[in-house]
Amino acid sequence: MPRILVVDDEQRIREIIKKYAAFEGYDIMEAEDGMQAVEIAGKEDFDLIIMDIMMPGLDGFSACKEIRKAKEVPVIMLSARGEEYDRIHGFETGADDYVVKPFSPRELMMRAAAVLKRARPASESGHEVYEAGGLRVDFTGRLVEVDGERAELSPKEYDLLFYLVRNRNIALTRENLITNVWGYDFYGDDRTLDTHIKLLRKSLGAYSGRIVTLRGVGYRFESE
């Protein structure tokens, strides 16, 4: 039974999420603010954290950043603000998805299921590594190195890069990427994909040009 930590200073929001999550068979724990979330996450293991951004004391961005220092647990951020800056900042702190309030509880549960599915460990049969020049992508170890330095990627950036590299030199549509990386299509958001591409290019540094934009289509990872 997947364990989810729900973090929101509004009890009503926590109760709504808990109700729908329990129906889906998830085990739920609650936190009223960012500080409490960091404390609980430091003692307990979770498969997913659903966290509001605007909270008194330690906000969701800061709490997520603190938790991500120690654990790889996926995080879905909740916010009443949907501006690009907020989404980018959320993804930079390690969030896997970003949901704008007011939200549909059913959609949130679908997003949660998609994130949980993508977070499941891949098969460990064999050590799969891709290398091109100074770029090294270790699929099995879930590591990326750029000219000998480890790149710090968010969980979703890893998923996106791995999918692009595994399908290198192939034109991938936006719908294809959203469906296979996020695990859903109807609920996908082109802006979410574009934001992650921007962050991924930044993380790849000198090798950012290997991710090519195909106007009107999507993206392609070029091996040469």
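Remember, predicted model here, so these are calculated numbers, not experimental data.

Take the packing of helix α7 (residues 174-182) against helix α8 (residues 190-204) next. Packing of α7 against α8 brings their axes to within 10 Å, and their N-to-C directions diverge by 80°. Taken as axis vectors, α7 and α8 run roughly perpendicular relative to one another. In contact with Arg-174, Leu-177, Ile-178 and Trp-182 of α7, α8 contributes Asp-190, Thr-192, Leu-193, Asp-194 and His-196. Counted by class, the contact of α7 with α8 contains four nonpolar, two polar and three charged residues.

With 13 residues, helix α1 (residues 11-23) ought to run about 18 Å at 1.5 Å a step, and its terminal C-alpha atoms sit 18 Å apart, in line with that. For α1, the complete set of buried residues consists of Ile-13, Arg-14, Ile-17 and Ala-21. The buried residues of α1 occupy an angular sector of 95° when projected down its axis, which confines them to one face. Residues Gln-11, Arg-12, Lys-19 and Phe-23 are exposed on α1 and point more than 90 degrees away from its buried face. Residues of α1 that are buried sit in contact with β1 (3-7), β2 (27-31), β3 (48-52), β4 (75-79) and α5 (105-119). Note on α1: the residue one or two positions beyond its end, Gly-25, has a positive phi of about 95°.

Cut-off values and rules
- For every chain, the first residue of the written sequence is number 1, and numbering continues from 1 onward in sequence order.
- pLDDT decides what is reported in this predicted model: residues at 70 or higher carry local features, side-chain atom pairs at 80 or more are listed and counted, and totals for whole chains, interfaces and linings draw on all residues regardless.
- Hydrogens are left out, water is left out, and the side-chain values use all remaining heavy atoms of the structure.
- Between N-to-C directions, angles cover 0 to 180 degrees, with each direction set by a line fitted to C-alpha atoms, over the stretch in contact for helices.
- Here a strand is any run of E in DSSP of at least two residues, a helix any run of H or I of at least four, and the numbering for each starts at the N terminus.
- Throughout this description, any angle smaller than 35 degrees is read as roughly parallel, any larger than 145 degrees as roughly antiparallel, any in the 65 to 115 degree range as roughly perpendicular, and the remainder as oblique.
- What makes two residues a contact is simply this: any of their non-hydrogen atoms within 4.5 Å.
- Classes in brief: Ala, Val, Leu, Ile, Met, Phe, Trp, Tyr, Cys and Pro nonpolar; Asp, Glu, Lys and Arg charged; the others, Gly included, polar.
- Multiplying 1.5 Å by the residue count of a helix minus one yields the expected span of that helix.
- Throughout, exposure labels follow a simple rule: accessible area from a 1.4 Å probe, protein chains only, divided by the maximum for the residue type, with under 20% read as buried, over 50% as exposed, and the rest as partly exposed.
- This arc corresponds to the set of directions leading from the helix axis out to the C-beta atoms.

Note that every value here comes from positions in space, so none of it alone points to a role or purpose.
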